[in-house]
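Chain residues, written in single-letter form:
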Amino acid sequence: MRMILDSVYAQYNRREFVHPDPLEVLYSYDNLYDREIVALIASSLAYGQVKQILKSLSVVLNRLGLNPYAYLKEKSEKSIKETFAGFKHRFTTDTELIELLLAIKRVTAEYGNLKTCFLSGYSEQDETILSALSTFVESIRNHMDSPAPSSLLPSIEKGSACKRLHLFMRWMVRSDEVDPGGWHDAVDASKLIVPLDVHMHRMCVELKMTHRKQASLRCALEATEAFRKLMPEDPVKYDFCLTRFGIRKLQVSIKEFVAKGVA
């Protein structure tokens, strides 16, 4: 099976297959502090049709300018509220986006950057990043003015697969032709969890990485463990290339790859 997956990785884990994907907006940011902020915003808005996601991201990033870190650091909270008033992305209101941006501003003021904030709850002894990610989300929420639930930050404790949060972690921790990385020197890729959306869930079922019918956190952990047996140091390695089959509507199917591998 690993030979089959490596063949899929070699063929589709390339920049030319990224569009359309919110990941593509990260490539414009060489500065790590900017990239991690953009990654958190992009992953948080990564729900719904990808065309609308990219459109909404374009609106946000144009207003943040070329250096989002500096923008949030230097602008007053009043100015940020005025700049992003009227924003809308499906269920996400301008209030929710502004709450997230102000929380990022406050977190980076306290920790210096998002990476340091995440590492404050990270332990090498943990089997996965789940505990550290939960602490990270809690830290961001604690810096928001409103205690109300937000469409941008899913609750890990409720058993959701939290695809968007795990996308964020994949983008920041892995480093290859597709994933730009930035945290890979501090967070072990072996601890990542598969970002389980409808496309990846279908792939995992077809590859017999899970038999669960719902894309829950349990399903994501089960699939991750199956991938970890094949690639202990990088269980999320195949996430991007496997989701290309559904997202890009490729003419070839994963079943054909498996059939060739078995033949």
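Residues numbered from 1 in each chain as written. Predicted model: local features only at pLDDT ≥ 70, side-chain atom pairs only at ≥ 80, totals over all residues. Heavy atoms only, no water.

## With respect to the nonpolar core
Inference 1: Grouped together as the largest cluster of nonpolar side chains are 87 residues, with contacts concentrated most on Phe118, Trp183 and Leu242.
Inference 2: Per element, the largest residue contribution to this core is eight residues, and it comes from helix α6 (residues 94-111). (Core = buried A, V, L, I, M, F, W, Y, C linked by side-chain atoms within 4.5 Å. Buried < 20%, exposed > 50% of the residue type's maximum accessible area, 1.4 Å probe, protein only. Helix = DSSP H or I, 4+ residues; strand = E, 2+ residues; numbered from the N terminus.)

## A few points about the side chain of Thr224
Inference 1: Relative to the elements of secondary structure, Thr224 occurs in helix α11 (residues 217-230).
Inference 2: The class of Thr224 is buried, set by a relative accessible area of 1%.
Inference 3: If sequence neighbours within four positions are ignored, Thr224 has contacts with Leu192, Ile193, Val194 and Pro235. (Contact = heavy atoms within 4.5 Å.)

## What about the side chain of His143?
Inference 1: Its place among the elements puts His143 in the loop between α8 (130-142) and α9 (163-173).
Inference 2: Accessibility expressed as a relative area gives 18% for His143, which makes it buried.
Inference 3: Side-chain polar atoms of His143 contact the side chain of Glu110, separated by 2.7 Å.
Inference 4: With sequence-adjacent residues up to four places away left out, His143 is seen in contact with Ala103, Arg106, Val107 and Glu110. (Polar contact = N/O pair within 3.5 Å; in protein donor to acceptor, adjacent residues only side chain to side chain.)

## Points about the pattern of salt bridges
Inference 1: Taken as a whole and judged by the stated rule, the model has 15 salt bridges.
Inference 2: One salt bridge connects Arg2 with Asp6, and the closest N-O pair in it is separated by 3.5 Å. Here Asp6 and Arg2 lie together in helix α1 (residues 2-12), a separation of four residues that amounts to about one turn.
Inference 3: With a shortest N-O distance of 2.9 Å, Asp176 and Arg174 are connected by a salt bridge.
Inference 4: Accessibility expressed as a relative area gives 5% for Arg174, which makes it buried.
Inference 5: Counted as one network, the salt bridges with shared partners bring together Arg170, Arg174, Asp176, Asp179, Asp234 and Asp239. (Salt bridge = Lys/Arg side-chain N within 4 Å of Asp/Glu carboxyl O.)

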